[in-house]
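# Coordinate analysis (summary)
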Amino acid sequence: MSLYDDAVLVLKAYEGQEELRQAYLDHLTAHPDGIWKACHAGHITASALVIDPGRDRVLLTLHRKLRMWLQMGGHCEPADTSLAAAALREATEESGIAGLTLFPGGPVRLDRHPIPPPCHVHFDVQYAVLAPPDAVQAISDESLDLRWFAYDEVADVADESVVRLLEATRARL
């Protein structure tokens, strides 16, 4: 199955955010290349919120370009076999933590946000992953910093999209 086909199936199965979910599907219908960064009309991205083994903290990255505390995530790559695999790859690369495991049940939420030209929109499919008990993070080239935050600290450092992702993740816990 192609990554495009996986994205369509994942989005069709996703429950919630009906209007936004349909916008993602409409985008993919109009843009068969809509999962790739080269699609300047906008493209699918995959991200994951990293939860610590005690399930009371999240690992956020201080994004090098945006200078914002965000969840791990980014563009799909040709080797990705699914959106879930892309989210897990991005979380592993950006956190430096081996052995992350996806929460069951597919994406936690969707978040569409504008980005600077030449592209215009990220259609982010957001997952949650659990870090193993012996997790040790390592800063990647894409980050200025990585830091664990207690749930009640996230709203003080991150934007509303990260807060909404945390709320949706906690509801799934």
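So, here is what we can say about the structure in this document. If you're wondering where the values come from, they're calculated on a predicted model, not measured in any experiment. Every chain is numbered on its own, with residues counted from 1 as its sequence reads. With pLDDT at 70 or above as the cut-off, local features in this predicted model cover only qualifying residues; side-chain atom pairs require 80 or more to be listed or tallied, and sums for whole chains, interfaces and linings still use all residues. Remark: hydrogens and water are excluded; side-chain values derive from all non-hydrogen atoms of the structure.

## Some remarks on the pattern of salt bridges
- When a carboxyl oxygen of Asp or Glu lies within 4 Å of a side-chain nitrogen of Lys or Arg, that pair is called a salt bridge. A complete count under the given rule lists nine salt bridges for this structure.
- As a salt-bridge pair, R21 and E18 come within 2.9 Å of each other at their nearest N and O atoms. Here the residue R21 and the residue E18 both occupy positions in helix α2 (residues 18-30), the gap between them amounting to three residues, near one helical turn.
- Relative accessibility decides the category of a residue: with a 1.4 Å probe and only protein chains considered, values under 20% of the type maximum give buried, values over 50% give exposed, and everything between is partly exposed. Classification of E18 as partly exposed rests on a relative accessible area of 43%.
- A salt bridge links R164 to D111; the nearest nitrogen and oxygen atoms lie 3.5 Å apart. With R164 in helix α5 (residues 160-172) and D111 in strand β6 (residues 109-114), this residue pair connects regions lying 53 residues apart in the sequence.
- Take D111: its relative accessible area is 7%, and that puts it in the buried class.
- Sharing partners across several salt bridges, the network here consists of E77, D80, R89, E90 and E93. Only DSSP runs of H or I covering at least 4 residues are called helices, and only runs of E covering at least 2 are called strands; the numbering of each starts at the N terminus.

## A short note on the pairing of strand β2 (residues 57-63)
- The element β2 is extensively covered by neighbouring structure, given that five of its seven residues are classed as buried.
- Between any two strands, pairing holds if DSSP finds at least two bridges. Note: strand β1 (residues 43-51) against β2, two bridges, orientation antiparallel. When the bridges of β2 are listed, I51 appears paired with V58.
- Where β1 folds back on β2, the antiparallel hairpin that results is connected by five residues, among which R55 adopts a positive phi of roughly 60°.
- One ladder, built from seven bridges, connects β2 with strand β8 (residues 143-150); its direction is antiparallel. The partner of L59 across the bridge, within β8, is W148.
- Bridge analysis of β2 against strand β3 (residues 69-70) gives two bridges, and the strand direction is antiparallel. Considered in β3, the bridge of L62 is made with W69.
- Hairpin connection of β2 to β3: five residues between the antiparallel strands, including R67 at a positive phi of 55°.

## Focus: the side chain of E94
- Structurally, the position occupied by E94 is in helix α3 (residues 83-95).
- By definition in these notes, contact holds between two residues if any of their heavy atoms fall within 4.5 Å. Not counting residues within four places of it along the chain, the set of residues in contact with E94 comprises T61, Q71, M72, G73, A138, S140, E142, S143 and L146.

## Focus on the packing of helix α1 (residues 3-13) against α2
- All axes are obtained by fitting lines to C-alpha atoms, using only the stretch in contact for helices, and the reported angles, taken between N-to-C directions, cover 0 to 180 degrees. Across the interface, α1 lies against α2 with an axial gap of 10 Å and an inter-helix angle of 155°. On the basis of the axis angle, α1 is roughly antiparallel to α2. Handedness of the crossing formed by α1 with α2: left-handed. Contacts from Y4, A7, V8, L11 and K12 of α1 reach α2 at R21, Y24, L25, L28 and T29.
- Of the residues in the contact of α1 with α2, the class split is seven nonpolar, one polar and two charged. If an angle is under 35 degrees, it is roughly parallel; if it is over 145, roughly antiparallel; if it lies from 65 to 115, roughly perpendicular; otherwise it is oblique. Left-handed describes a crossing whose near helix is turned anticlockwise from the far helix by less than a right angle; the clockwise case is right-handed. Under the grouping applied here, Gly and all other residues not named as nonpolar or charged are polar, the nonpolar ones being Ala, Val, Leu, Ile, Met, Phe, Trp, Tyr, Cys and Pro and the charged ones Asp, Glu, Lys and Arg.

## Concerning the nonpolar core
- Counting 34 residues, the largest nonpolar core has Y24, I44, V50, L83, V125 and Y127 as its most contacted members.
- For this core, the secondary structure elements donating two or more residues are α1, α2, β1, α3, β7 (121-130) and β8.
- Ignoring sequence-local partners within four residues, the contact set of L83 consists of L3, D6, A7, V10, I44, A46, C76, V125 and Y127.
- Counting 19 residues, the second largest nonpolar core, distinct from the first, contains L62, W69, A128 and L165. As used in this record, nonpolar core signifies buried Ala, Val, Leu, Ile, Met, Phe, Trp, Tyr and Cys residues forming a set joined through side-chain atoms within 4.5 Å.

## Some thoughts on the environment of A150
- Inspection of the secondary structure assignment puts A150 in strand β8.
- In this structure, the C-alpha to C-alpha distance between A150 and I115, residues 35 residues apart in sequence, is 28 Å.
- Apart from residues no more than four positions distant in its own chain, A150 is found in contact with D56 and R57.

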